[in-house]
Amino acid sequence: MANKLHQRLVLTVIIFFTGIFSATYGQEVGLSFSYFLPKNGYFSVPISPFSLRGVGVDLNRYFALQTGFSLYRMSGLNIKDIDDFSSKDALVGPNFTVMIPVELVLQFVGKRQEFRIKGGGFGFGTFDNKLNNGNLDKAIREFEGWDVANADFDFDSGLGFGYFFGAEYIFYVTRQWGLSLEGNYFIGDAGFSLNGSYTGGNSAGPLETKAVDYADAKLDFTGLEISIGIIITQ
């Protein structure tokens, strides 16, 4: 419980300072609607209007530093680095995920259009996590070769980090605002240790119970983000 409260406090502070940064230093503000297609997970969407991206400062004509945040309602993410088994289906979800990128942008600016190549790092935190017990039991059945399996796991989630790269195209309808299309590919993970036991077996034999501790398991935040946004110049 204390760990979860600590994560929520840290995320609240980060979002607060992100808002200060946008109000003080932003030359452009982007309000975006993003869609995340995770690897081995389920299509997810942000919680509108809690997605503010493209906030930053121009370093010179060609380079800029940007940040922002998105609050996602993740439908399902996968867990990797489990010693015994793996799955192509989401093992966690749904949950809420706050993602904060920091990116260096190479930009080519025209009178009505801009093209940006970007990359950098990001941090994320999840809360209200739930295990997808159906997919978890299926993965165990396939690993053990059993007919039935039932998992009873506890988990401990932490903050995660990673890197990303992408591109953005902007068309200015007027001098004050424009439309943007953006795609980014994220590669990151967070500690998500699992421990407990699972019980199962074949229909012709007795049931068996195994105790497990997957301390090195990680929540996989890998996937493609597609964003459609509005850019407002200040």
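Up top is the structure these notes are about.
Values in this document were obtained by computation on a predicted structure and should not be read as measured data.

Conventions and cut-offs
Residues numbered from 1 in each chain as written. Predicted model: local features only at pLDDT ≥ 70, side-chain atom pairs only at ≥ 80, totals over all residues. Heavy atoms only, no water. Helix = DSSP H or I, 4+ residues; strand = E, 2+ residues; numbered from the N terminus. Buried < 20%, exposed > 50% of the residue type's maximum accessible area, 1.4 Å probe, protein only. Contact = heavy atoms within 4.5 Å. Areas by Shrake-Rupley, 256 points an atom, 1.4 Å probe, with all protein chains shown as cover. Salt bridge = Lys/Arg side-chain N within 4 Å of Asp/Glu carboxyl O. Core = buried A, V, L, I, M, F, W, Y, C linked by side-chain atoms within 4.5 Å. Polar contact = N/O pair within 3.5 Å; in protein donor to acceptor, adjacent residues only side chain to side chain. Phe/Tyr/Trp six-rings, centres within 6.5 Å; stacked < 30°, edge-to-face > 60°. Lys NZ or Arg CZ within 6 Å of the ring centre and 35° of its normal. Expected span 1.5 Å × (residues − 1).

1. Some details on the overall build of the protein chain
- Scanning the protein chain from N- to C-terminus turns up two helices and 10 strands.
- Taken from the N to the C terminus, the helices and strands of the protein chain come in the order α-β-β-β-β-β-β-α-β-β-β-β.
- Sorting the 234 residues of the protein chain into buried and exposed places 42% on the buried side.
- Partitioning the intrachain contacts of the protein chain with sequence separation of at least 6 by distance along the chain shows that 72% fall at a separation of at least 24.
- Of the roughly 11900 Å² of accessible surface on the protein chain, a fraction of 61% belongs to carbon and sulfur atoms.

2. A closer look at the pattern of salt bridges
- A complete count under the given rule lists 10 salt bridges for this structure.
- A salt bridge links Arg116 to Glu114; the shortest N-O distance between them is 2.7 Å.
- Judged by relative accessible area, Arg116 falls into the buried class, the value being 1%.
- With its nearest N and O atoms 2.8 Å apart, the salt bridge here joins Lys118 to Glu168. Within this pair, whereas Lys118 is found in strand β6 (residues 113-127), its partner Glu168 is found in strand β7 (residues 148-172), the two being separated by 50 residues in sequence.
- What you see here is one network of salt bridges that share partners, running through Glu103, Glu114, Arg116, Lys118, Glu168 and Glu182.

3. Some points on the nonpolar core
- Grouped together as the largest cluster of nonpolar side chains are 31 residues, with contacts concentrated most on Ile79, Phe153 and Tyr214.
- Looking at this core, the element that brings in the most residues is strand β8 (residues 177-201), giving five residues.
- Apart from residues lying up to four places away in sequence, Ile79 is in contact with Leu91, Val92, Leu131, Phe192, Leu194, Ala217 and Lys218.
- Grouped together as the second largest cluster of nonpolar side chains are six residues, Phe69, Leu71, Val98 and Ile100 included.

4. Description of the environment of Asp213
- Mapping Asp213 onto the fold places it in strand β9 (residues 208-214).
- Here the alpha-carbon distance between Asp213 and Asn195, two residues 18 residues apart in the chain, equals 4.2 Å.
- Aside from chain neighbours lying at most four places away, what touches Asp213 is Leu194 and Asn195.

5. Notes on the side chain of Asn129
- Assignment of secondary structure puts Asn129 in the loop between β6 and α2 (133-144).
- On the basis of relative accessibility, which here comes to 13%, the residue Asn129 falls in the buried class.
- At 2.9 Å, the side chain of Asn129 and the side chain of Thr126 are in polar contact.

6. Points about the packing of aromatic side chains
- Evaluated as defined, the whole model comprises 18 aromatic pairs.
- Ring geometry for Phe122 versus Phe186: centroids 5.0 Å apart, planes at 90 degrees, classification edge-to-face. Here Phe122, found in strand β6, pairs with Phe186, found in strand β8; they are 64 residues apart in sequence, far enough to count as distant. Here Phe122 matches Phe186 in class, with each residue buried.
- Each member of the aromatic cluster is reached from another via a ring pair, and the members are Phe36, Tyr72, Phe122, Phe124, Phe164, Phe186 and Phe221.
- Cation over ring: Arg73 sits above Phe96, and NZ or CZ is 4.2 Å from the ring centre.

7. Here we look at α2
- Between its terminal C-alpha atoms α2 stretches 16 Å, which fits the 16 Å expected from 12 residues at 1.5 Å a residue.
- Among the residues of α2, Asn135, Leu136, Asp137, Ala139 and Ile140 are the ones counted as buried.
- Those residues of α2 that are buried lie in contact with β7 and β8.
- Note on α2: the residue one or two positions beyond its end, Gly145, has a positive phi of about 75 degrees.

8. Observations concerning the side chain of Lys118
- On the basis of relative accessible area, Lys118 is assigned to the buried category, the value being 5%.
- There is a polar contact of 3.4 Å between the side chain of Lys118 and the side chain of Glu103.
- Side-chain polar atoms of Lys118 contact the side chain of Glu182, separated by 3.2 Å.
- Beyond its immediate stretch of four places on either side in the chain, Lys118 contacts Gln66, Glu103, Leu104, Val105, Phe165, Gly166, Ala167, Glu168, Glu182 and Asn184.

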